[in-house]
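The lines below spell out each chain.
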Amino acid sequence: MSKAFSAIEEEREVERDEFTPGIEPQPTWCPGCGDFGVLKALKGAMAELGKDPEEVLLCTGIGCSGKLNSYFESYGFHTIHGRSLPVARAAKLANHDLEVVAAGGDGDGYGIGGNHFMHTARENHDMTYIVFNNEVFGLTKGQTSPTSPKGHKSKTQPHGSAKDPIRPLSMSLSAGASYVARTAAVNPNQAQEIIVEAIEHDGFSHVDFLTQCPTWNKDAKQYVPYVDVQDSDDYDFDITDRREAADLMHETEDALYEGTVLTGRYYKDEERNSYQQEKQQRGDMPEEPLAERYFDEDYDWERSHDFIERHK
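Rules used throughout
- Residues numbered from 1 in each chain as written.
- Predicted model: local features only at pLDDT ≥ 70, side-chain atom pairs only at ≥ 80, totals over all residues.
- Heavy atoms only, no water.
- Buried < 20%, exposed > 50% of the residue type's maximum accessible area, 1.4 Å probe, protein only.
- Helix = DSSP H or I, 4+ residues; strand = E, 2+ residues; numbered from the N terminus.
- Contact = heavy atoms within 4.5 Å.
- Core = buried A, V, L, I, M, F, W, Y, C linked by side-chain atoms within 4.5 Å.
- Patch = residues over 30% accessible without salt bridge, like charges linked within 9 Å, V, L, I, M, F, W, Y side chains within 5 Å.
- Areas by Shrake-Rupley, 256 points an atom, 1.4 Å probe, with all protein chains shown as cover.
- Salt bridge = Lys/Arg side-chain N within 4 Å of Asp/Glu carboxyl O.
- Lys, Arg positive; Asp, Glu negative; His and termini not counted.
- Charge placed at Lys NZ, Arg CZ, Asp CG, Glu CD.
- Axes fitted to C-alpha atoms, helices over the stretch in contact; angles between N-to-C directions.
- Parallel < 35°, antiparallel > 145°, perpendicular 65-115°, else oblique.
- Left-handed = near helix turned anticlockwise from the far one by under 90°.
- Pairing = 2+ DSSP bridges.

So, about helix α6 (residues 168-175). Most of α6 sits inside the fold, with six of its eight residues counted as buried. When α6 is considered as a whole, its buried residues turn out to be P168, L169, S170, S172, L173 and A175. Directly beyond the C-terminal end of α6, a positive phi value near 125° is found at G176.

Structure below.
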């Protein structure tokens, strides 16, 4: 039997370094890149949760962020542009005991994969989605992305972007995500805490992770100083109240382009069933992970042909 099944529920001390791979242990991101902060926080979170690398699947899209699973010891799947979420969803449906994390950049997740983001949130799939938000397409040398501020100049928008940036937090809440947070690479302790909470949450957890790009977005703010809305006396709201969360998300998204970086937990709904739970309650999904059938030599596999026959 695969260790992905047998290791579940085993408790042991896990070191952060267990998530450093033997191949490519040292990332080759640019010096000063915020992506280092995501990697460090994710390793720390997995160690804090006592996860075994073989219990984790990390799916990534295309971009500098897509290298995350090369620098992180676990099962990994480097998908095509904007498609990390469909792959992650399928893996979670096949083996709901697997800890599934998807990751990608703002262009990958909010632009090219925007439709997948919206519907994965709506369906509340039980996984964590980390979006590296550096306000540009970094790997392809700084083109304007969905989160680039209005007026941002790039090779593709030399006279400045004429578009207002999207509002990722508000979009996530409207779509149906049951855990929404924003953190920043300059705040590693908060980042690790939020990723731990996101992974522990049963449902779709969206973490908008501000990651500075010193190479292709030199004009961007470095996301310091930041304000943690949970620690500041200026912000008093109930993260389980959708309307209060929506109001503060709107304020946060406005403030980012005005020089104030607000971070923290914005919304959490612990009452809503995940997609997997809904399917199981309807009898559409077995309690035992479908993936375990691969280890049953006597399992009588269904054939796609048989399903098609029903509709003839």
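Its identity is not glycine, yet N124 carries a phi of approximately 60°, on the positive side. Positionally, N124 belongs in the loop between α5 (114-123) and β4 (127-133). Of note in the backbone geometry, K141 takes a positive phi value of approximately 80° without being a glycine. Its place among the elements puts K141 in the loop between β5 (136-137) and β6 (143-144).

What follows is about α5. Taken together, the buried positions of α5 are occupied by G114, F117, T120, A121 and E123. Where α5 is buried, its residues meet α3 (84-94), α4 (106-112), β4, α6, β8 (204-210) and α9 (275-281).

Residues L42, M46, L68, F72, I130, I195 and F209 are the most contacted members of the largest nonpolar core, which totals 31 residues. Every element with two or more residues in this core is listed here: α2 (35-48), β1 (56-60), β3 (99-105), β4, β7 (179-184), α7 (188-200) and β8. Broken down by element, the residue count for this core peaks at seven residues, all from α2. Leave out the neighbours within four places in its chain, and F72 touches F19, P21, L39, L42, K43, M46, V56 and L58. Membership of the second largest hydrophobic core comes to 30 residues, among which are A88, A177, V180 and Y266.

A cluster of like negative charges, contributed by D236, D238, E244, D247 and E251, occupies part of the molecular surface. Within the secondary structure, D236 is located in the loop between β9 (226-228) and α8 (242-256). Classification of D236 by relative accessible area gives exposed; the value is 76%.

Each pair of packed helices can be described by the angle between their axes along with the distance between the axes. At a minimum axis distance of 9 Å, the contact between α3 and α5 shows a crossing angle of 30°. Put simply, α3 runs roughly parallel to α5. For the element pair α3 and α5, the recorded crossing hand is left-handed. Residues L85, P86 and R89 of α3 touch α5, and the partners they reach there are H116, F117, H119, T120 and E123.

Another point: the pairing of β3. The buried fraction of β3 is high, at seven of seven residues. Covered by surrounding structure in β3 are E99, V101, A103 and G105 together with V100, A102 and G104, the residues of both alternating faces. The pairing of β3 with β4 spans five bridges and is classified as parallel. Paired with G104 across the strands is V131, a residue of β4.

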